[in-house]
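# Close look at the chain arrangement
Below, each chain spelled out in residue letters.
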Amino acid sequence: QAQLSESGGGLVRPGGSLKLSCGGSGFTLGYNAVVWFRQAPGKEREAVSCISGIDDRTRYAESVKGRFTISKDQAKNTVYLQMDSLQPEDTATYYCAADPQAIVENMCRLYEYDYWGQGTQVTVSS
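Presented here is a report on the structure given in the accompanying data block.

Cut-offs and rules
- Residues numbered from 1 in each chain as written.
- Predicted model: local features only at pLDDT ≥ 70, side-chain atom pairs only at ≥ 80, totals over all residues.
- Heavy atoms only, no water.
- Salt bridge = Lys/Arg side-chain N within 4 Å of Asp/Glu carboxyl O.
- Buried < 20%, exposed > 50% of the residue type's maximum accessible area, 1.4 Å probe, protein only.
- Pairing = 2+ DSSP bridges.
- Helix = DSSP H or I, 4+ residues; strand = E, 2+ residues; numbered from the N terminus.
- Axes fitted to C-alpha atoms, helices over the stretch in contact; angles between N-to-C directions.
- 1 Å grid on protein atoms, 1.4 Å probe; cavity = no way out; pocket = protein on both sides within 12 Å on 5 of 7 lines; lining within 4 Å.
- Points joined across faces, edges and corners; volume = space filled by probe spheres on them.
- Phe/Tyr/Trp six-rings, centres within 6.5 Å; stacked < 30°, edge-to-face > 60°.
- Lys NZ or Arg CZ within 6 Å of the ring centre and 35° of its normal.
- Disulfide = S-S within 2.5 Å.

Taken as a whole and assessed by the stated rule, the structure comprises eight salt bridges. As a salt-bridge pair, arginine 38 and glutamate 46 come within 2.9 Å of each other at their nearest N and O atoms. For glutamate 46, a relative accessible area of 26% gives the class partly exposed. Aspartate 90 serves as the salt-bridge partner of arginine 38, at 2.8 Å between the closest nitrogen and oxygen.

This is how it looks when you write it as structure tokens:
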């Protein structure tokens, strides 16, 4: 059974860092483009970053550009999101999704994704 799960969230002070993991099981994550989303209460879901399944091409939302870095480890079947210089506005539940049809150049936008995780909470205190 194919599954996707996020981990690494927690409480951090402004200016701090966290590294999120998006791990796949039952399928090869590297065959898919992977996108990180975040959603805070009362706000729309925002695509934060995506990485191509073909190679390591990446794309970032303007709100996190220069602070977040997406990467993948094929051997571990895992995609990461390194988050530095965190701000209170980054507080949200972070989700990852994967699909071989997603295209990094348009922020991996799709109506549906083949795989979707349950989310991990990131809280930046102020």
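Either a parallel or an antiparallel arrangement is found when strands of a sheet pair, and the pairing is made through backbone hydrogen bonds. What the four strands build is an open sheet, ordered β1-β3-β8-β7; its pairing is antiparallel. The open sheet has two edge strands, β1 (3–7) and β7 (68–73), and neither has a second partner. Ignoring strand direction, the axes of neighbouring strands in this sheet form an average angle of 15°. One ladder, built from five bridges, connects β1 with strand β3 (residues 18–25); its direction is antiparallel. Looking across to β3, one finds that glutamine 3 is bridged to serine 25.

It is worth spelling out the environment of lysine 76 at this point. As for its placement among the helices and strands, lysine 76 is situated in the loop between β7 and β8 (78–83). In this structure the C-alpha to C-alpha distance between lysine 76 and glycine 24, which are 52 residues apart in sequence, comes to 8.7 Å.

Another point: empty space enclosed by the protein. In this approach the atoms are scanned with a rolling probe the size of a water molecule, which exposes any empty space left behind. In the structure shown here, the tally under the stated rule is one cavity of 30 Å³ or more. Volume-wise, the largest cavity comes out at about 50 Å³. Around the largest cavity, the lining residues are Leu29, Gly30, Asn32, Val34, Ile51, Lys72, Asp73, Gln74, Asn77, Thr78 and Val79. If you list the elements that add at least two residues to the lining of the largest cavity, you get β7 and β8.

What follows deals with the packing of aromatic side chains. Tallied over the full model, the rule gives five aromatic pairs. Here a set of aromatic residues connected by ring pairs shows up, and it is made of Phe37, Tyr95, Tyr113 and Trp116. In this structure, arginine 45 packs its charged tip against the face of phenylalanine 37, placed 4.6 Å from the ring centre.

Now for the state of the cysteines. The tally for this structure, following the rule as stated, stands at one disulfide. At a sulfur-sulfur separation of 2.1 Å, the disulfide partner of cysteine 22 is cysteine 96. What sets the handedness of the cysteine 22 and cysteine 96 disulfide is the S-S torsion sign, and at about 80° it is right-handed. Taken together, the residues cysteine 22 in strand β3 and cysteine 96 in strand β9 (residues 92–99) connect sequence positions 74 residues apart. Residue classification places cysteine 96 among the buried residues on the basis of a relative accessible area of 0%.

Worth remembering: the numbers are spatial, not functional.
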